[in-house]
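Architecture at a glance
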Amino acid sequence: MKYRIEKDTMGEVQVPADKYWGAQTERSRNNFKIGPAASMPKEIIEGFAYLKKAAAYANFDLGVLPIEKRDAIATVCDEILEGKLDDQFPLVIWQTGSGTQSNMNVNEVIANRAQVLKGFEIGEGEQFIKANDDVNKSQSSNDTFPTGMHIAAYKMVVETTIPGVEKLHATLAKKAAEYKDVVKIGRTHLMDATPLTLGQEISGYAAQLAFGLKALKNTLAHLSEIALGGTAVGTGLNTPKGYDVKVAEYIAKFTNHPFITAENKFEALAAHDAIVETHGALKQLAVSLNKIANDVRMLASGPRSGIGEIHIPENEPGSSIMPGKVNPTQCEALTMVCAQVIGNDMAIAVGGMQGHYELNVFKPVMAANFLQSAQLLGDACVSFDEHCAQGIEPNHKRIKELVDNSLMLVTALNTKIGYYKAAEIAQTAHKNGTTLKEEAVRLGYVTPEDFDAWVKPEDMV
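**Structural notes on the packing of aromatic side chains**
- Within the structure shown, the criterion is met by six aromatic pairs.
- A centroid spacing of 5.5 Å and a plane angle of 85° characterise the contact between Y419 and Y420, whose relative ring orientation is edge-to-face. As far as the burial class goes, Y419 and Y420 line up, both exposed.
- One aromatic cluster in this structure is built from Y57, Y250 and F254.
- Its guanidinium or amino end placed over the ring of Y57, R70 lies 4.4 Å from that ring's centre, counting from NZ or CZ.
- Over the face of the ring belonging to F128 we find K118, whose NZ or CZ atom lies 4.7 Å from the ring centre.

**Looking at the packing of helix 6 (residues 141–178) against helix 7 (residues 198–218)**
- Interaxial distance between helix 6 and helix 7 falls to 8 Å at its minimum, and their mutual angle equals 160°. Accordingly, the angle class assigned to the pair helix 6 and helix 7 is roughly antiparallel. Helix 7 is crossed by helix 6, and the crossing has left-handed handedness. When helix 6 is examined against helix 7, the residues V157, T161, I162, V165, E166, L168, H169, L172, A173, K175 and A176 are found in contact with a partner set consisting of G199, I202, S203, Y205, A206, L209, A210, L213, L216 and K217.

**Considering the pairing of strand 1 (residues 3–8)**
- The side-chain alternation of strand 1 yields one buried face, formed by R4, E6 and D8, and one unburied face, formed by Y3, I5 and K7.
- Pairing analysis gives six bridges linking strand 1 to strand 2 (residues 11–16), with the strands arranged antiparallel. Each bridged residue has a counterpart across the sheet, and for Y3 the counterpart in strand 2 is P16.
- Here strand 1 hands over to strand 2 after two residues, the two strands then running antiparallel side by side.

Conventions and cut-offs
- Residues numbered from 1 in each chain as written.
- Predicted model: local features only at pLDDT ≥ 70, side-chain atom pairs only at ≥ 80, totals over all residues.
- Heavy atoms only, no water.
- Phe/Tyr/Trp six-rings, centres within 6.5 Å; stacked < 30°, edge-to-face > 60°.
- Buried < 20%, exposed > 50% of the residue type's maximum accessible area, 1.4 Å probe, protein only.
- Lys NZ or Arg CZ within 6 Å of the ring centre and 35° of its normal.
- Axes fitted to C-alpha atoms, helices over the stretch in contact; angles between N-to-C directions.
- Helix = DSSP H or I, 4+ residues; strand = E, 2+ residues; numbered from the N terminus.
- Parallel < 35°, antiparallel > 145°, perpendicular 65-115°, else oblique.
- Left-handed = near helix turned anticlockwise from the far one by under 90°.
- Contact = heavy atoms within 4.5 Å.
- Pairing = 2+ DSSP bridges.

Written out as structure tokens, the structure is:
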């Protein structure tokens, strides 16, 4: 491999000749060989591209950057957003907690790529655009990385998570209406309880997702606030007047999302409560989805020796040794996603605690965990919806069998003969293996006609 010599404030470093990154990126590559597969998420790099372009435009408008440099920076940022420079960002999330090396990785790539587009070799003659002086003008890693975090997180939630959850919610709401008259036995403590309809049961799932969506959407206002303009500690040192508002306006324009400048830049740099808050809503959705997926797989258990009240799609063979076995694989995948999201929430909570004085130094790991959770939940909801929820159908024969055999239908007699006599009927029927009606009549508490009139599952829902 051919190398070239790059310099930074610490001296010379060899850099692969075919790459646009510079000395600081290469130092980080060499110093943090921790799980190379854990690359800085592409969405964070795209967030940087948006903010670097916006910063160039704001700096030009405010008279501190020439138009030819603005346009050159913007051109390279557009190339990053188009995926043309994906191989130029090699750093992992395990680096400095402020994300400084990733900020400089982007600065160096933009500067060197602009140099090439200008017709020069990297390092040839006077550098057309300088990584720190031009690309990073009016910025610090301390305010660019949290801005990139918020851009990436907001876009992922709005473009992936919310649409995925809404898709599944719509299906469950439709199923709730479709099966509103299918009377089945209810269960509490995993034991038989009074009847309800399959539609009512599914409506609970739909309501859970509706509550989760509302909570998630309510966090977006805080997440839309960006730190850019705070520079090193929140004071805005080395930024032209009005820069923070103007750069936020450009970010909103370029992303088509309603980003605004953070009201308090000190909070925006030193704490990442918006990330903690929004991920808390993602965790709430994970809790709900885990409950839903578990219910579905238990209701579909069998096909002959389980509950078997619903049919779910049979998507693939379930065993390498048991012929004909089919498993609830979508339920299993969704619950594993939920476990990952709930684990990520702990990492984000711990990261959110690390705001010592003027800077939180757990930014990369918080960003990576957040983006993973948001994408997993959105994708898993779409998968579960398309390959499971849409195909849920009631097993009418099994549902009727279990309703007719339930002892808890005796609850309908409470107001007629009292709790204690009703309990005696249920306990005796269970002991003798007989029906409620047989024991109620044998014990002399009701007539056959009264039992038929009073114990109607369809009237108990």
